[in-house]
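# Residue-level structure breakdown
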Amino acid sequence: NHSPSTETHFVTVQDTTIPNVTSLIVTPSSLNQTQSTEFNVTISDNYGVDTVLAQIDYPNGTSVNLTLTNTSSSSFNVTFTSGLSYPTGQYNITIIANDTSSNLNNSETTSFTLNDVTPPTVDGLLPSGGSSFPITSIIDLAANATDNIAIGTVVANITYPNGSLQQVTLTNSI
């Protein structure tokens, strides 16, 4: 008396391995306002990459996330384009890679620098060019200076009749 029997076992395999993030390259790593930089990174995973983000931390403390595009089996990239109103300085980048099992790797970081290349504009100069004053006069100097980011220092160059030069730093009266 032998009776056949079947026994079934279920095995659950859990993926606990984070995605492998390597070869993070930012080109160029120093750029001027209104220019673009490209982030390229290699990411592999034993089951599959789901989402890749670049968290960009601006010099002023704000941040933005950009989604990277899978351009080949393990290559991902995205382009960041700056504007004239973007703060200048160092931008920090953190790559956030999530696999299909919700394992997260956010250990790869780098940075790039955004430079201010827009010169300030100066107008409303006082006194106007070619003005003449008696030798004992007190002369008010003024200028309106504006910039897309910030004004650091405004300096007036005073050239005396004998050709000597004096520089005077103007202060903000607003």
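Above: the structure in question.
Residues numbered from 1 in each chain as written. Predicted model: local features only at pLDDT ≥ 70, side-chain atom pairs only at ≥ 80, totals over all residues. Heavy atoms only, no water.

A few words now on the overall build of the protein chain. Along the backbone of the protein chain there are 0 helices and 13 strands. Computed over C-alpha atoms, the radius of gyration of the protein chain comes to 30 Å, more than 25% over the 16 Å expected from 2.2 N^0.38 for 174 residues, which places it beyond the range of a compact globule. With the C-alpha coordinates of the protein chain rotated into their principal frame, the extents come out at 130 × 30 × 20 Å. Residues counted as buried form 21% of the 174 residues belonging to the protein chain. When contacts within the protein chain are restricted to residue pairs at least 6 apart in sequence, those whose partners lie at least 24 apart make up 56%. (Helix = DSSP H or I, 4+ residues; strand = E, 2+ residues; numbered from the N terminus. Rg over C-alpha atoms; globule rule 2.2 N^0.38 Å. Buried < 20%, exposed > 50% of the residue type's maximum accessible area, 1.4 Å probe, protein only. Contact = heavy atoms within 4.5 Å.)

On to the environment of Thr-169. Tracing the backbone through its elements, the reader meets Thr-169 in strand E13 (residues 165–170). By relative accessible area, Thr-169 is classed as exposed at 54%. Between the C-alpha atoms of Thr-169 and Ala-156, which are 13 residues apart in sequence, the distance is 6.3 Å. Leave out the neighbours within four places in its chain, and Thr-169 touches Thr-153, Val-154 and Val-155.

For the structure on display, the rule yields 8 aromatic pairs. Aromatic side chains Phe-80 and Tyr-86 sit 5.9 Å apart centroid to centroid with 65° between the ring planes, which places their arrangement in the edge-to-face category. The exposure class assigned to Tyr-86 is partly exposed, which follows from its relative accessible area of 24%. Ring-pair connections join several aromatic residues into one group, and the members of that group are Phe-39, Tyr-58, Phe-80, Tyr-86, Tyr-91 and Phe-112. (Phe/Tyr/Trp six-rings, centres within 6.5 Å; stacked < 30°, edge-to-face > 60°.)

Look at the link from Thr-27 to Pro-28: it is a cis peptide, with omega at -10°. Looking at where Pro-28 falls in the secondary structure, it is placed in the loop between strand E1 (20–27) and strand E2 (30–32). Going from Leu-126 to Pro-127, the amide bond is cis rather than trans, its omega being -5°. The topology assignment puts Pro-127 in the loop between strand E10 (121–126) and strand E11 (142–146). If you check the backbone angles, Thr-34 has positive phi at about 75° while not being a glycine. You can call Thr-34 partly exposed: its relative accessible area is 47%. The backbone of Ser-102 shows a phi angle near 70°, a positive value even though the residue is not glycine. Given a relative accessible area of 59%, Ser-102 falls into the exposed group.

What follows is about the pairing of E13. Here E13 lies mainly on the outside; 0 of its 6 residues are buried. Here strand E12 (residues 154–159) pairs with E13 via 6 bridges, running antiparallel. For Val-154, the partnering residue across the bridge sits in E13 and is Leu-170. Hairpin connection from E12 to E13: 5 residues lie between these consecutive antiparallel strands, with Gly-163 at a positive phi of about 95°. (Pairing = 2+ DSSP bridges.)

Such coordinate-based values are descriptive only and should not be taken to indicate function.
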